[in-house]
Structure formats: C-alpha cells, structure tokens
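Spelled out from the first residue to the last, the chains are:
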Amino acid sequence: MADPTTAPAPAEFDAVIVGAGLSGLVAAAELVDAGRRVAILDQEPEASLGGQAVWSFGGLFLVDSPEQRRLGVRDSLDLARQDWLGTAGFDRDDDEWGRRWAEAYLEFAAGEKRAWLRGKGLRFFPVVGWAERGQGRAIGHGNSVPRFHITWGTGPGVLEPFVARVRAGEAAGLVSLRFRHRVDELIVDGGAVVGVRGSRLAEDEAVRGAPSNRDVVGDFEVRAPAVIVASGGIGGNHDLVRSAWPERLGTPPAHMLSGVPAHVDGRMLGIAEASGARLVNGDRMWHYTEGIANWDPVWPAHGIRILPGPSSMWFDAAGQRLPAPLFPGFDTLGTLEHLMRAGHDHSWFVLTQRIIEKEFALSGSEQNPDLTNKDLRLLADRIGSGAPGPVEAFKQHGADFVVADTLPELLDGMRRLSPTACSTRASSSARSWRATGRPCTSSPRTCS
Ligand SMILES: Cc1cc2nc3c(=O)[nH]c(=O)nc-3n(C[C@H](O)[C@H](O)[C@H](O)COP(=O)(O)OP(=O)(O)OC[C@H]3O[C@@H](n4cnc5c(N)ncnc54)[C@H](O)[C@@H]3O)c2cc1C
C-alpha cells in the first residue's frame, strides 16, 4: 500500500479539454456519461459557451436516412463513400488517418448517428438540403444526392443536449467549466502530454460572439492523464488563412469576410505543434464564395453565407458568366479557383424578386429564426409572399446588394459598388435573360 505522505496526490481530473465549443462539449458529455471528472477551459466568457455551433445552421450529414427515403432520395454507404473519396482526393502519405477517420465517420453517419442524436432529443426538418452538389461526375467532388439534414432548432438545437449533459455533470461535481482560461502551452513529460498551462484573462462583458479582451490577470496549470484539444479552426485569423493558402487556389483574395467569430484564431494549433503534435493538411481549407458582409455585424468582418438555389445567374467581377458546373451551391472551391484566376475577389449573383423570395436563404441560426426557435407560424410565412425577414433585411441594408427596377439602373448600381471591375458583359448577358419582376444583385465574397 502506498505511503500517503509520499504517494503523488490523485489527479483532480481524468481529462482536461481545451475549448468549450461543440466538439469540446460532446467530448465532455461522453466523459460525464462514463463518470469521469473533466476540466473544460475556454478563453472566451461564459456568454460564448458553445462556440461557433451557436451561430451555425445545424445541417447534419446523414446517409440513407428516413428523411431522405421519404423524399425518394436513394442513398447508401457505398455512394457516400464514393462521394467522400471523390471530394477528399486523398493522395498524400499523410492521408492514412484522414482515410480511416472518413471511413469511421461514414459508417457512423450511415449507422448509429441518427438514432444516437434522436435519443438525445434532436429532430430533423423533413426537407433535406443538397449542399455542395459538385461537378456532377460519378467519382468526382460533391454530394450525388441531398444529405444536408437541417436540425429542428438549428445550431443551438444541436448543442442543447450536450450543454445540458455538461451542466448536469457540473451539478454532480464531475465538471469544472473555467472561462477566461486561455491555454498557452501543453505540458509534456516523458514524451506524453500531461496537462496545460495558460493565462487567466480579465473578465469581459462581451456579448456572445463579440471579441473579448486579452488582458492577462494571472496564470494557471491543470494536469490530467488525458488532454483533448478542441480549439476549433483558423477562419477568424486571416493571416493564418493566407499563410496556409494552397497554391492551386491562386493568390488569396485581398478582401475576405469571416464566417466565424474572432476567437476562431487557430492559435492553439501552433501551440500543439510546438509540443510535438503532427499537424497535417493545413492547406486543405474550405471557403465559401457566396459570403456577404453582415449589415448587423457581431464580430469583425462578419460574413454570412448565402445558401443559394441554382436559379440565380452568377457572373465574375468582370461580368463573365461562370462556366458550368459552377452554379450557386455546386462547387465552392472550384468556383473560388475560377474567380481567383479571373483576378477579382468578388462575383455577382443576379436574380429577380421572385427568386430571392423562393430560393435565397442565409446560413446561420440567427438568420433563420423560424427553424432556430422551432416557430411553426414563422416557418409557414416562408411559403407566403415576400422574402423571409432576414433576407429582406439584407436586401434593404446589405452593403453588397443593389436593388433596381430596371437593368440599366442595376448595372449602374453594380458599377458604383465595383467601379474598376464591372464591364458591360453582364449587361448583355442579363438583357438576354428575360428578367421578370424587380431585379436585385448581391456581390458575394470569400467567407472563411
Ligand atoms: C454561420 C455558421 C454556419 C454553420 N453551419 C454549419 C452547418 O450547417 N453544418 C455543419 O456541420 N457545420 C456548420 N458550421 C460549422 C460548425 O458550426 C463548426 O465546425 C463547429 O461548431 C466547430 O466546433 P468546434 O468545437 O470544433 O470549434 P469552436 O466552436 O470554434 O470552439 C472552439 C473553442 O475553443 C476555444 N479556444 C480556442 N483556443 C483556445 C485556447 N488556446 N485556450 C482556451 N480556449 C481556446 C474558443 O474560444 C472556442 O470557444 C457553421 C458555422 C458557422 C459559423
């Protein structure tokens, strides 16, 4: 029996998790279910608990679901695997783990995922979206069928059960949630990561998603046999995005928007690497080319992604129609590559009032209050006349929108927004297109 005066004190926690976003909370909830003690550290104030997922649309990848079958969509694990491999383009030695992860995730998405989520109370909207259709070739990039299952309650609805589980763990004394704790270092001992060190940041009244101060008021150290880094991506840090930019996409755009809050700063990736983590595929990044500046921003350069249907006409900055299959919502990286080769960092959607009412949606929980708040009455309004409220607000106030009653006026507005790029090509293409109703345009930019 160990001498209680010399034996090391038992660790206070079984695991420490860096990041209280969705991935950190899911990991914590699983640990709580297993009766483990967990410290969750996050640099942001409690108001931002849940990270990006709170803002997200909550569209989930499921394969061969009852929702798909009800709509007559024929999906299978094999088809999803073919699509995944066609999109990932695994061709590097480093891809071994990515490949294995893909296989495990595909089996999860075609197997227990839906039942697991439903068991936690999640429900899905009966219409399945078709995100990223790709190039339309069997073994190429993209989803061959609709697989984008919209959660009833959007991003907050996805988070809800995991937050509840973590809060229950907190009440049971299993979880310690520590906000304003910024991890600056992983503690390595004998080749193993055994804990984290960092700075305590000053309290901050920042509302959810808004940037908070980085004033250091102290330090901390937490040790545990397992350390999980769930610190999110790099989309809020354009310097990092630019430094990892892949050659094949050309020069990074001069002007980018951020689809994510500033705390998605990628800083923890460098810290993990300095402690011996092997980072792979930094250049395999994802951007949306349909980003518009939020007229009511929460974070710097706040971009909102248009979830477009296919009917808008899409032109590059110089007015050249984008070639097939670069239709809205089909192949975002292919479109980005094309636009960057053309030399401008924005493009134009040209659409009519009817199209904006019928098939112009915006990504994000706050842009879809009906689905987020599970409000059936508001949802029914989508079928009525007029664009949904948030879309209409962008049309009225969005800096990237031009609304005009005639095509010449529309062209004048486009030239005002983009004086150097806009040529007359869009004018002739748009004239040959029989516009009905009030034309409007938006000029989307890259949104990371
Ligand atoms: C508008 C929008 C729409 C989206 N729509 C969808 C969708 O429909 N479907 C889909 O699958 N995905 C969607 N996403 C993406 C999805 O929401 C994110 O991929 C996911 O939420 C990321 O979760 P995470 O926990 O990995 O990272 P994050 O949410 O970024 O959380 C990471 C946390 O770590 C903290 N952190 C970072 N570094 C440190 C440090 N050094 N010390 C302490 N704390 C640190 C951060 O403060 C943050 O709270 C969307 C995202 C947005 C913004």
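Residue numbering note: each chain is counted from 1, following its sequence as written. Residue-level local features of this predicted model are given only where pLDDT is at least 70; pairs of side-chain atoms are given and counted only at 80 or more, and the full residue set underlies all totals for whole chains, interfaces and linings.

A word on the overall build of the protein. Per the convention used, a helix needs a DSSP run of H or I reaching at least four residues, while a strand needs a run of E reaching at least two, with both numbered from the N terminus. Assigned secondary structure in the protein consists of 15 helices and 18 strands. Its C-alpha atoms give the protein a radius of gyration of 24 Å, near enough to 22 Å, the size a compact globule of 448 residues would have. When its C-alpha atoms are laid out on the principal axes, the protein stretches across 90 × 45 × 45 Å. The burial label depends on the number of other C-beta atoms within 10 Å of a residue's C-beta. Counts of 20 or more mean buried, 12 or fewer mean exposed, and intermediate counts mean partly exposed, with C-beta atoms placed from the backbone. A total of 448 residues make up the protein; the buried ones form 41% of that total. Counted over contacts in the protein with a minimum sequence separation of 6, partners at least 24 positions apart contribute 73%. Here the radius of gyration uses the C-alpha set of atoms, whereas the globule reference equals 2.2 Å times the residue count to the power 0.38. By the convention adopted here, residues make contact when the C-beta atoms placed from their backbones lie within 7 Å.

The strand order across the open sheet formed by 4 strands is 6-2-1-10, and the pairing between neighbours is parallel. Only two strands of the sheet have a single partner each, and these edge strands are strand 6 (175-179) and strand 10 (226-229). Strand-to-strand twist across the sheet, computed as the mean angle between neighbouring axes with direction ignored, equals 15°. In this scheme, strands are said to pair when DSSP sees at least two bridges between them. For strand 2 (residues 38-42) and strand 6, the ladder comprises 5 bridges, and the chain directions are parallel. The residue bridging valine 38 from the neighbouring strand is valine 175, located in strand 6. Axis geometry follows a simple rule: fit a line to the C-alpha atoms, using only the stretch in contact for helices, then measure angles between N-to-C directions, giving values from 0 to 180 degrees. Contacting strand 1 (15-18), strand 2, strand 6 and strand 10, helix 1 (residues 22-33) crosses the sheet at an angle of about 170° to strand 2.

Here we come to the nonpolar core. What tends to happen in soluble globular proteins is that the nonpolar side chains get buried as a cluster. Counting 44 residues, the largest nonpolar core has Val16, Ala28, Val38 and Ile40 as its most contacted members. For this core, the leading source of residues is helix 1, giving 7 residues. Domain limits in this description derive from either an automatic procedure or a database domain assignment. Taken domain by domain, this core gets at least three of its residues from each of domain 1 (15-229) and domain 2 (238-261 + 285-447). Not counting residues up to four positions away in its chain, the partners in contact with alanine 28 are Ile17, Val38, Ile40, Val166, Gly169 and Val175. By definition, a nonpolar core groups buried Ala, Val, Leu, Ile, Met, Phe, Trp, Tyr and Cys residues that connect through C-beta atoms lying within 7 Å of each other.

Glancing now at the site of the ligand. Around the ligand, the surrounding shell holds 34 residues, and the nearest of these are Gly19, Gly21, Gly51, Gly59 and Gly232. Sorting the residues of the shell around the ligand by element identifies helix 1, strand 2, strand 7 (181-189) and helix 8 (267-274) as the ones contributing at least two each. Of the residues forming the shell around the ligand, the biggest block, 3 residues, is contributed by helix 1. Under the scheme applied, nonpolar residues are Ala, Val, Leu, Ile, Met, Phe, Trp, Tyr, Cys and Pro; charged residues are Asp, Glu, Lys and Arg; polar residues are all the others, including Gly. Taken together, the residues that form the shell around the ligand break down as 12 nonpolar, 18 polar and 4 charged. Each of domain 1 (15-229) and domain 2 (238-261 + 285-447) accounts for three or more of the residues forming the shell around the ligand. Near, as applied to residues and a molecule or strand, means the residue's backbone-placed C-beta atom lies within 6 Å of it.

What follows is about the confidence of the model for the protein. Averaged over every residue, the pLDDT of the protein is 90; the share at 70 or more is 92%. Confidence scores per residue from the predictor, reported as pLDDT, run from 0 to 100. Considering only residues more than four positions removed or in separate chains, one finds that residues 426-437, a stretch of pLDDT under 50, has 20 contacts.

Looking now at the UniProt feature "domain: FAD-dependent oxidoreductase 2 FAD-binding" (unreviewed entry) in the protein. Feature annotation in UniProt places "domain: FAD-dependent oxidoreductase 2 FAD-binding" (unreviewed entry) on residues 14-375, given in this structure's numbering. What you have in residues 14-375 is 29% helix and 23% strand, and the ends, taken at the C-alpha atoms, are 41 Å apart. UniProt positions are given in the numbering used here, feature names are shortened, and annotations may be inferred rather than shown by experiment.

Within the secondary structure, isoleucine 271 is located in helix 8. Counting along the chain gives 193 residues from isoleucine 271 to aspartate 78, while the straight-line C-alpha distance between them is 38 Å.

With that settled, consider the sheet that holds strand 4 (residues 124-129). Strand order in the open sheet formed by 3 strands is 3-5-4, with antiparallel pairing between adjacent strands. Looking at strand neighbours, the two that pair on one side only are strand 3 (59-61) and strand 4, the edges of this open sheet. Mean inter-strand twist for the sheet, computed between neighbouring axes without regard to direction, equals 35°. Here strand 4 pairs with strand 5 (residues 148-151) via 3 bridges, running antiparallel. Residue phenylalanine 124 lies in a different strand from strand 5, and its bridge partner there is threonine 151.

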